[in-house]
Amino acid sequence: MALLPILQYPDERLHTVAKPVAQVDDRIRQLVQDMAQTMYDAPGVGLAATQVNVHERVVVIDVSENSDDLLVLINPEITWYSEDSEVYEEGCLSVEGVYDKVERASEVKVKALDENGEQFEFHADGLLAVCVQHELDHLDGKVFVEHLSLLKQNRILNRIRKQQREAKKLAAEKVTV
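Definitions and cut-offs
Residues numbered from 1 in each chain as written. Predicted model: local features only at pLDDT ≥ 70, side-chain atom pairs only at ≥ 80, totals over all residues. Heavy atoms only, no water. Helix = DSSP H or I, 4+ residues; strand = E, 2+ residues; numbered from the N terminus. Rg over C-alpha atoms; globule rule 2.2 N^0.38 Å. Buried < 20%, exposed > 50% of the residue type's maximum accessible area, 1.4 Å probe, protein only. Pairing = 2+ DSSP bridges. Axes fitted to C-alpha atoms, helices over the stretch in contact; angles between N-to-C directions. Contact = heavy atoms within 4.5 Å. Polar contact = N/O pair within 3.5 Å; in protein donor to acceptor, adjacent residues only side chain to side chain. Core = buried A, V, L, I, M, F, W, Y, C linked by side-chain atoms within 4.5 Å.

Colleague: A description of the overall build of the protein should follow, citing residues and the corresponding values.
Modeller: In terms of helices and strands, the protein carries three helices and seven strands. Listing every helix and strand of the protein by position from the N terminus yields α-β-β-β-β-β-β-β-α-α. A globule of 177 residues ought to have a C-alpha radius of gyration of about 16 Å, and the protein, at 17 Å, matches this closely. For the protein, the spread of C-alpha atoms along the principal axes amounts to about 55 × 40 × 30 Å. Buried residues in the protein amount to 42% of all 177 residues.

Colleague: Quick rundown of the sheet that holds strand β2 (residues 58-61)? Include the residues and the values.
Modeller: One open sheet holds the five strands; their spatial order is β1-β2-β3-β6-β7, and the pairing between them is antiparallel. Looking at which strands have only one partner, the edges of the open sheet turn out to be β1 (46-48) and β7 (119-125). Across the sheet, the axes of successive neighbouring strands diverge by a mean angle of 40°, strand direction being ignored. Examined bridge by bridge, strand β3 (residues 71-81) and strand β6 (residues 107-113) share five bridges and lie antiparallel to one another. Its bridge partner lying in β6, Tyr-81 is registered against Val-108. The sheet strands contacting helix α1 (residues 26-41) are β1, β2 and β3, and the helix crosses β2 at an angle near 40°. Each of β1, β2, β3, β6 and β7 is contacted by helix α2 (residues 126-139), which is oriented at about 100° to β3, the strand it contacts most.

Colleague: So what's going on with the environment of Val-130? Which residues, and what values?
Modeller: When you line up the elements, Val-130 lands in helix α2. The class for Val-130 is buried, based on a relative accessible area of 7%. Along the backbone, Val-130 and Glu-103 are 27 residues apart, and their C-alpha atoms lie at a distance of 9.0 Å. In contact with Val-130, not counting residues within four places along its chain, are Tyr-88, Glu-90 and Arg-104.

Colleague: Report on the side chain of Arg-57, specifying residues and quantitative values.
Modeller: Residue position: Arg-57 is located in the loop between β1 and β2. Look at Arg-57 and you get buried, because its relative accessible area is 13%. A distance of 3.5 Å separates the side chain of Arg-57 from the backbone oxygen of Ala-18, its partner in a polar contact. Reaching out from Arg-57, the side chain makes a polar contact with the side chain of Asp-140 at a distance of 3.2 Å.

Colleague: Would you mind going over the nonpolar core in detail, with residue names and values included?
Modeller: Ranked by size, the top nonpolar core spans 18 residues in total, and within it Val-59, Ile-61, Leu-73, Val-108, Phe-122 and Val-132 carry the most contacts. Looking at this core, the elements that each hand over two or more residues are β2, β3, β6, β7 and α2. With five residues, the top contributor of residues to this core is α2. Not counting residues within four places of it along the chain, the set of residues in contact with Phe-122 comprises Leu-71, Leu-73, Val-108, Lys-109, Val-110, Leu-128 and Val-132. Formed by 15 residues, the second largest nonpolar core is a distinct cluster that contains Val-24, Val-32, Val-58 and Val-60.

Below is the structure:
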């Protein structure tokens, strides 16, 4: 297993729409293992392949208290959204240090393949429903901040760009000293 680098917003590759997995094979199973290790190490509760610059429809999720209940979704599809919604404060491994409230369907039904290529379906509510919707957004090239107002998006983008400039400046100072 290997830790994978996580793309950071506003990297344009985060806006790539992931393609369906043609065949669940050893390469995909290895990707799942590497993504799980990366997610647990980060630490996070979900990770989409898009976030590690693999543009295939693969997601790993673990919303359990002890991080011991890995859910693998290959070619996931939400087949039903509840009419009622809830607001949760979300964060993202690709948008470090940013948390904000996002409104999403409070329940969803999902069908997907597991790491053995077997199809399964499940119903999700609460944090799992939020996480599924968040990660599937990644597969569709959307980052959670895009659910926020344009004013908030611009503030986040400006703050991130400022942090990137400061990091580059510090790196340049270390090189020249």
